[in-house]
Amino acid sequence: MTSRNGRQWRQHAIGEFILTQGSGTAADLAERFKVSLMTIHRDLDELERQGLVRRFRGGVTAQRSGVFESSIAYRRKSMQAEKNAIAEKAVELVEPGMSIMLDDSTTALALAGRLEKITPLTVVTNFLDGLNLLSTVRGIRLVALGGDYDALHNSFLGVSCVNDIADIRVDLCFVSTSAVSGGRAYHQEPHIVLIKRAMLQSAERNVLLVDHSKLGRIALHKVALLTDFERVITDDGAPPDALADLDHHKVAYDVAVR
C-alpha cells in the first residue's frame, strides 16, 4: 500500500468511525489508528474540508449544533427507524395526480422511496439523492430545482434555486428542520432557511417531518411557525413534554409508530 493510499484509507476509516460514533478526540483517534497526533490533525483537517466533520478544541464531531448542521453522510446514518416510520405516516397524505415538493432532508428522502406505488405524481426537489432515487420510477414526472451545488447537503441552493421555486405551485410540500421548540421550526444555516421558506410559500399545504431528536431544541434561524404547517409528523420516541408543547401552541401533529 502506497503512502497516499494508506492516508486515504485511514481518512476514510476515521470518517466512518466518527460518522458511526458521532464524535471523538484527536488523542483517541491517534491511539486507535496508531499514528501521531500531528498526522491525525492533518487527517481531520482534510475531513473538515470535505464537510464530513466539524473540529472543536481537542476533538471532532459529526453531530449538529445550534449553529452547525451535520453532514449529509451523518444524516443518512442517523435515526433511520424513526425516519422510516415518519415516511410511512407521511405517504398516507399523498394521492395519485398530486404535485409534491420535497426538500433536501433525509426524512423527505425516506418518503421519496415510498412514492413509486402512488402514481402518477409530479415531484419537485433540489436534493440530488432524491433526484437519483426517483429518476427511474415510472409514472413520476420529476422536476429538478437548479442552483449552486452544495456538497455538504448534496443539493442545489442559492438565488437560482429560490427563483425556480417561486415559479412553481404544488399541492403539497414536505420539509424537515433541525430543531423545533416553542411553536417554531429552526435551522442553523441561513441559505437553507431561504430555500425552505420559499418552498413553504409555493405550496397549497405544508407538512413538517421531524424525528424526536429535533424536538425541544433550537437552532440559530427561525424557518416558520409550526402553525404554518397543516401538520407535524414525528415518531413515538417523542417525549411527553415535547408533545405537550405542541398541544400548547395548538399544533396539529401525528405520531408515527416504529
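Preceding this paragraph is the structure being described.
For clarity, every value in this text was computed on a predicted model and none was experimentally measured.

Some remarks on the nonpolar core
- One finds Met101, Ile165, Val175, Met199, Leu208 and Leu226 to be the most contacted residues of the largest nonpolar core, which totals 31 residues.
- Breaking this core down by element, the ones donating at least two residues are helix H8 (159-166), strand E9 (170-175), helix H9 (190-201), strand E12 (203-209), strand E13 (221-225) and helix H10 (240-248).
- If sequence neighbours within four positions are ignored, Leu226 has contacts with Val180, Gly183, Arg184, Ala185, Leu208, Val232, Leu246 and Val251.
- Judged by nonpolar contacts, the second largest core, of 27 residues, contains Met98, Leu111, Leu115 and Leu172.

Topic: the sheet that holds strand E3 (residues 59-61)
- Strands sit in the order E1-E3-E2 across an open sheet of three strands; the sheet is antiparallel. Each edge of the open sheet carries a strand with a single partner, namely strand E1 (23-25) and strand E2 (54-56). When strand polarity is set aside, the average angle formed by the axes of neighbouring strands in this sheet is 20°.
- In this structure, E2 lies alongside E3, joined through three bridges in antiparallel fashion. Bridging across to E3, Arg55 finds its partner in Val60.
- Contacting E1 and E3, helix H2 (residues 26-33) crosses the sheet at an angle of about 85° to E1.

Some thoughts on the sheet that holds strand E11 (residues 184-187)
- Overall, antiparallel pairing links the three strands, which are arranged E10-E11-E13 in an open sheet. Bordering the open sheet on either side are strand E10 (179-181) and E13, each of which pairs with just one other strand. Each neighbouring strand pair of the sheet contributes to a mean axis angle of 30°, computed without reference to strand direction.
- Examined bridge by bridge, E11 and E13 share four bridges and lie antiparallel to one another. Paired with Ala185 across the strands is Ala224, a residue of E13.
- With respect to the sheet, H9 is in contact with E11 and E13, its orientation differing from that of E13 by roughly 15°.

With respect to the side chain of Thr122
- Relative to the helices and strands, Thr122 resides in strand E5 (residues 121-125).
- Among all residues touching Thr122, those that are not within four sequence positions of it are Met98, Ser99, Ile100, Arg141 and Val143.

About the cut-offs
Residues numbered from 1 in each chain as written. Predicted model: local features only at pLDDT ≥ 70, side-chain atom pairs only at ≥ 80, totals over all residues. Heavy atoms only, no water. Core = buried A, V, L, I, M, F, W, Y, C linked by side-chain atoms within 4.5 Å. Buried < 20%, exposed > 50% of the residue type's maximum accessible area, 1.4 Å probe, protein only. Helix = DSSP H or I, 4+ residues; strand = E, 2+ residues; numbered from the N terminus. Contact = heavy atoms within 4.5 Å. Pairing = 2+ DSSP bridges. Axes fitted to C-alpha atoms, helices over the stretch in contact; angles between N-to-C directions.

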